[in-house]
Amino acid sequence: MTYDVFSMCNALYDIQAEVHDEVLQELGLEKGSMVLLSEEQQAAIIPRVYTHIVHTEAGGSGANTAFGVALLGGTACYTSRVGDDEHANHYRAGLSERGVKPNLGTGTGATGVSLILVTPDAQRTMCTYLGRSLELTTSDLNLDDLRASKYLYVTAYLWDTDNQKAAVLRAMEEANRAGVKVALSLSDPFCVHRHREELLQLINRHVDLLFGNYAEAQAITGTDT
């Protein structure tokens, strides 16, 4: 089978809960923010919001892009790493049900989770635990699917650990050799500020199509206009 997009990012199981402002205050969370959690912090928050859960879904930036491709009539597969828990099973099923082929490595432990706390004014506060997605390695790459794709799509969220970087580089190099175009999303200004020089090297050497919003474009070009 051929694919329009071979997507790579952090696999995050989205858990949406409706809460009042007082809950955010009790948990010490700034309304409208996005914070990264440790496993211990996530374990402490979930019991407080568990009875307020209204929706769960396979998610994460790269997976959402793959879903968009499928909804628009395209074909997509998705690469990441999950744990060996029930969230991993739900995540695989969620990809398949929405027309995206799951290419997921498995590690011992918890699948990444994004807790999305929605207050009555419709503002969302995100609490993200990356879980086993941080352990993505080159062995998780299905190179046959990559070579059979039109585009490799990678997010800058993956540029945080040495093993993730190695997987991204291997995928980009293989795509370049196979004539597969490479698309990179800058993802977030904080990603760009942390890794600007390395991302510029990636862009110059491997990338055909670059996605960035206004703030991300300012950060990568080092300008305030």
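Fair warning: this is a prediction, and the values are worked out from it, not measured in the lab. (Residues numbered from 1 in each chain as written. Predicted model: local features only at pLDDT ≥ 70, side-chain atom pairs only at ≥ 80, totals over all residues. Heavy atoms only, no water.)

J.: Any chance you could break down empty space enclosed by the protein for me, citing the residues and the numbers?
T.: The final tally for this structure, using the stated rule, is 1 cavity of 30 Å³ or more. By volume, the largest cavity amounts to about 30 Å³. Val154, Thr155, Ala156, Leu158, Trp159, Val168, Leu184, Leu199 and Leu202 are the residues that line the largest cavity. Elements that contribute at least two residues to the lining of the largest cavity include exactly strand E9 (149-155) and helix H7 (189-206). Broken down by class, the residue content of the lining of the largest cavity amounts to 8 nonpolar, 1 polar and no charged. (1 Å grid on protein atoms, 1.4 Å probe; cavity = no way out; pocket = protein on both sides within 12 Å on 5 of 7 lines; lining within 4 Å. Points joined across faces, edges and corners; volume = space filled by probe spheres on them. Helix = DSSP H or I, 4+ residues; strand = E, 2+ residues; numbered from the N terminus. Nonpolar A, V, L, I, M, F, W, Y, C, P; charged D, E, K, R; others polar.)

J.: Just give me the short version of the pattern of salt bridges, but keep the residues and values in it.
T.: Under the counting rule described, the total for this entry stands at 14 salt bridges. Salt-bridge contacts for Asp144 lead to Arg147; the nearest nitrogen and oxygen are separated by 3.1 Å. Pair noted here: Asp144 and Arg147 are both in helix H5 (residues 143-147), with a separation of 3 residues, about one helical turn. Owing to a relative accessible area of 58%, Asp144 belongs among the exposed residues under this scheme. One salt bridge connects Glu198 with Lys165, and the closest N-O pair in it is separated by 3.3 Å. One end of the pair, Glu198, is in helix H7; the other, Lys165, is in helix H6 (residues 162-178), with 33 residues separating them in the sequence. When salt bridges that share partners are traced, they join Asp144, Arg147, Glu174 and Arg177 into one network. (Salt bridge = Lys/Arg side-chain N within 4 Å of Asp/Glu carboxyl O. Buried < 20%, exposed > 50% of the residue type's maximum accessible area, 1.4 Å probe, protein only.)

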